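Spelled out, the chains give:
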Amino acid sequence: MFSGGYLGRLIRINLSTRQVSIEPIPEEKLRLFLGARGLGAEWYSREVSPQVKPFDIENKMAFFAGPMTGTPLVSTTKFDLTTKGPETGRYLCSNASGNFGPRLREAGFDGLILEGASEHWTAIVIENEGVKFMDVDDWQGLYPMDARARLLDQLPERPTKWATMSIGPAAENRVAFAAIFVDDGRAFGRGGGGAVLASKKVKALAVWGDTPVPVANAAKCKEIAANARTDLKTSRAKHRQLGTAQLVEPINELGCMPTRNFQTSWELPEKVEGVYAQTLHDRYHVRNYACYRCTVACGQVGKVKEGAFTGATARPEYESIGLLGPSCGINDMAAVISANELCDQLGMDTITAGNLVAMVMELFERGLVSAQDNEGLEVHFGDARAMLEMLRYIAQRRGLGAIIADGVRGILQAHPKWGKFILHSKGMPFAAYDPRGFHGMGLAYATSARGACHNVGGYTVSEELMGKKYDRFAVEGKGQLVKTLQDNRAYVDSLGLCTVVRGAYKFTTTPTSETMLAITGYDFAPELMTIGERISNLERLIFVREGVSRKDDSLPPRMKEAVPNGPVTGHFISDDMLDVMLDEYYAVRGWDDQGKPLRETLQKLGLAEIPALA
Amino acid sequence: MMVINVKFLGGLRQDMGMASTTLDLPDNATVADVENQLRALGIELDTQVNIAVLNQCGLSQLPPDQQIAPDDVVMVFPNIAGGS
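Residues numbered from 1 in each chain as written. Chains lettered and ligands numbered in written order. Predicted model: local features only at pLDDT ≥ 70, side-chain atom pairs only at ≥ 80, totals over all residues.

### Brief notes about the overall build of chain A
The helix and strand inventory of chain A stands at 24 helices and 17 strands. Taken over C-alpha atoms, the radius of gyration comes to 23 Å for chain A, in line with the 25 Å a tight globule of 614 residues would show. Referenced to the eigenvectors of the C-alpha coordinate spread, the extents of chain A come out at roughly 60 × 55 × 50 Å. Counting the 614 residues in chain A, one finds 61% classified as buried. Contacts spanning at least 24 positions in sequence make up 71% of the contacts within chain A whose residues lie at least 6 apart. (Helix = DSSP H or I, 4+ residues; strand = E, 2+ residues; numbered from the N terminus. Rg over C-alpha atoms; globule rule 2.2 N^0.38 Å. Buried ≥ 20, exposed ≤ 12 C-beta atoms within 10 Å, placed from the backbone. Contact = placed C-beta atoms within 7 Å.)

Structure representation (structure tokens):
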């Protein structure tokens, strides 16, 4: 069926026994689930039972690449992590850029599975089919980048760079939103994959291979790559110029910027200008950062050259800026860079970390906690130094950080009344868009296959401002919009391609055949949206098996409060409004009124025979 | 005649070399007139490269013949999705 694009096998490493096996991946699974996120969901449905807890030895981790990962096209960098995540206690899919996915494929594998747990802290080195284990107990406490450097020091020179993954102190301390860092600047950020890797006592991994990823038509791939580079020069020029940080200004002007823990959704432009992309560019920018074979290079590396945070260096994206910045009452880019750098060093997701520090700030503001509860540290909105210290407290499980480190679920268990100050769905905190100004984002957060995520859930903002049939303050029509965006995203996440460049390959809701034909020799185009829908439904089936129903497709209490200031003053999302969106969403998905896929929907998508799910 | 303000946000401000400008429009100006004047400034509106917003609603979502008022405000910015 396929004459390129797939290696058709995975490598499985049992950390308890240090046994390594190589297994085939049936072609039919590749056709049905495409790769990366899709293959991960299919694997998870068979190998991770609903009873398993995230840190149980029975939990497993899968890293799957897609058919585009590592091919000679532009930005073919992505690969996907699938595991049971500690942030939600459920299925977690997460994707990352960097060289690891491409190198894994050059080593000869579409996927890597980790199971069991090591007795000692371990580094794993995969070179083609060879696997070595290194005991690295003395690496405990290292930042992810330092663990990477230590590992690279011990590896032989090869014609191309080794790719790495590594974790930091937050993961070692089982922080529920600890990340896995890929190479020197990308991450599986959301959901706590880093803590799961730590539970297996894996501090770092490296991979290298010497076999180019096969493609069906190399000449055509070369032509497509050249056309994509030309397209991206203009279509993604703005990404290269200022990165995603340039969303700060419009999202604030549209009244949807989380400010002071979403108590407000707008800040005076003369204040928030301190965290504009232009400020980052003019005062702090040192270089752009590019992922594997990417010509866009949208990462904006900023370094603080003077003042309180001198020396801090990070690559702040929009979400990190919004949640470590205005949501914490901070409008100083130097402070945001410093906080972003600290999250990277400790190894934590900036989105959840920013959300939960903002929650602590609100608790202080309301007098619900005091310095006595937090080892003497007061944490107030606008206090950047306190924010940095609180981030350390979380990673070290000190003061209130001992509770915060367990994530939303841990906080709600310890202090149920704090729930009204946490912006989340299913335990995963919001991205940096207030849904009261884009109601579609509310439905996206509520129904995302991993919690309140703007990527997996569906980024509705552009369509809610440009689509002729949408009104951003209306609830009608959002069910179809969110379904379409989710299915589109599900197949793009399964290709192994960065979403920023998908337009250059026409991976839209009406994809063209050219690219996948050149890579795999198979005309995937007519099936891609159906594959996306199949993946969305399989993920929902997994969620249902893990106890999710309509009651969990929810928004936090703050969304029912009218926005008190700015351009969207007075807007809110009531339970009734969410119900209208959910009813429409479930109907267009072919799910029952509790959000369970109907049998005819599963039959239509070829999922009726998925074991243990129906 | 009436004058309305146009704000350029994000990377578009750098391209335009200014944070804002004004459009001179006839008294009975419509959404279509605003779009035409923005195009005349070199702003790409016919693809998904930029987003134009009039009084918090997408310009392309409004009827082309909708009347413009003197205190209306237009914002234009690049169509960018967020990262983390």
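Right, picking up where we left off after that structure.
### Looking at the domain arrangement of chain A
Residues and elements named next belong to chain A. Structurally, chain A comprises domain 1 (9-208), domain 2 (236-405) and domain 3 (439-604). A C-alpha centroid distance of 27 Å is found between domain 2 and domain 3. Taken together, the 13 residues of domain 2 in the interface contact ten residues of domain 3. Among the residues forming the side of domain 2 that touches domain 3, the class breakdown is eight nonpolar, four polar and one charged. (Domains from an automatic or database assignment. Nonpolar A, V, L, I, M, F, W, Y, C, P; charged D, E, K, R; others polar.)

### Let's talk about helix H7 (residues 218-235) of chain A
All names here are of chain A. Over its 18 residues, H7 runs 25 Å from end to end, which matches the ideal 26 Å to within 8%, given 1.5 Å per residue. Here H7 has its buried residues at Ile224, Ala225, Ala228 and Leu232. Take H7 and look down its axis: the buried residues cluster within an arc of 105°, on one side only. Facing away from the buried side of H7 by more than 90 degrees, the exposed set consists of Ala219, Ala226, Thr230 and Thr234. Structurally, H7 contributes buried residues whose contacts are with helix H21 (514-520). (Expected span 1.5 Å × (residues − 1). Arc of directions from axis to C-beta.)

### Describing the pairing of strand E8 (residues 130-135) of chain A
Residues and elements named next belong to chain A. Note that strand E7 (residues 122-127) and E8 share six bridges and pair antiparallel. Pairing of Thr122 across the sheet is with Asp135, part of E8. Between E7 and the antiparallel strand that follows it, E8, lie two residues; Asn128 among them carries a positive phi value of about 50°. (Pairing = 2+ DSSP bridges.)

### A closer look at the environment of Glu44 of chain B
All names here are of chain B. Secondary-structure assignment places Glu44 in the loop between helix H2 (31-40) and strand E3 (50-54). Since 14 C-beta atoms lie within 10 Å of it, Glu44 is described here as partly exposed. Glu44 sits 27 residues away from Asp71 along the chain, and the two C-alpha atoms are 24 Å apart. In contact with Glu44, other than residues within four places in its own chain, are Val49 and Asn50.

### Details of the packing of helix H20 (residues 478-495) of chain A against helix H23 (residues 575-589) of chain A
All names here are of chain A. The N-to-C vectors of H20 and H23 enclose an angle of 50°; their axes lie 7 Å apart at closest approach. Judged by the angle between their axes, H20 and H23 are oblique. The crossing of H20 and H23 is right-handed. The segment H20 lies against H23, with Lys478, Gly479, Gln480, Val482 and Lys483 engaging Met581, Glu584, Tyr585, Ala587, Val588 and Arg589. Taken together, the residues of the contact of H20 with H23 sort by class into five nonpolar, two polar and four charged. (Axes fitted to C-alpha atoms, helices over the stretch in contact; angles between N-to-C directions. Parallel < 35°, antiparallel > 145°, perpendicular 65-115°, else oblique. Left-handed = near helix turned anticlockwise from the far one by under 90°.)

### Let's talk about the interface of chain A and chain B
Each partner contributes to the interface: chain A provides 31 residues, whereas chain B provides 22 residues. If you tally residues by element for the side of chain A that touches chain B, the top one is helix H8 (residues 237-242) of chain A, at four residues. Looking at the side of chain A that touches chain B residue by residue, the classes come out as 14 nonpolar, eleven polar and six charged.

### Things to note about helix H18 (residues 439-447) of chain A
Counting buried positions over the nine residues of H18 of chain A gives nine, a clear majority of the element. Buried-residue contacts for H18 of chain A involve strand E16 (424-425), helix H19 (461-466), H20 and H23 of chain A.

### Points about the sheet that holds strand E4 (residues 57-58) of chain B
All names here are of chain B. Strands sit in the order E2-E1-E5-E3-E4 across an open sheet of five strands; the sheet is mixed. Looking at the sheet topology across the chains shown, the edges are occupied by strand E2 (20-25) and E4. Two strands pair when backbone bridges link them, and E3 and strand E5 (residues 73-78) are joined in this way by five bridges, in the antiparallel orientation. For Ile51, the partnering residue across the bridge sits in E5 and is Phe77.

### Considering the nonpolar core
In this structure, Val175, Val357, Val360, Met387 and Leu391 of chain A are the most contacted members of the largest nonpolar core, which totals 232 residues. Here the element with the most residues in this core is helix H14 (residues 350-365) of chain A; it accounts for ten residues. (Core = buried A, V, L, I, M, F, W, Y, C linked by C-beta atoms within 7 Å.)

### Focus: the pairing of E7 of chain A
Residue and element names in this part refer to chain A. Within E7, five of the six residues are buried, leaving the element largely enclosed by the surrounding structure. Here E7 pairs with strand E12 (residues 202-208) via six bridges, running parallel. For Ile126, the partnering residue across the bridge sits in E12 and is Val207.

### Quick word on unusual backbone geometry
Residues and elements named next belong to chain A. Even without being a glycine, Arg174 presents a positive backbone phi close to 60°. Along the chain, Arg174 turns up in the loop between helix H5 (169-172) and strand E10 (180-182). The phi angle at Phe262 is positive, at roughly 65°, despite the residue not being glycine. Within the element layout of this structure, Phe262 appears in the loop between helix H9 (248-253) and helix H10 (269-272). By the C-beta count within 10 Å, which is 27 here, Phe262 ends up buried.

### Points about the sheet that holds strand E15 (residues 313-314) of chain A
Residue and element names in this part refer to chain A. Reading across the sheet, the three strands line up as E13-E14-E15 and stay open at both edges, with antiparallel pairing between neighbours. With partners counted over all chains shown, the strands left at the sheet margins are strand E13 (285-289) and E15, one partner each. Here strand E14 (residues 299-303) runs beside E15; their pairing, made up of two bridges, is antiparallel. Residue pairing across strands places Lys303 opposite Thr313, the latter belonging to E15. Of the strands in this sheet, E13 and E14 touch helix H11 (residues 277-284), which is tilted by about 55° from E14.

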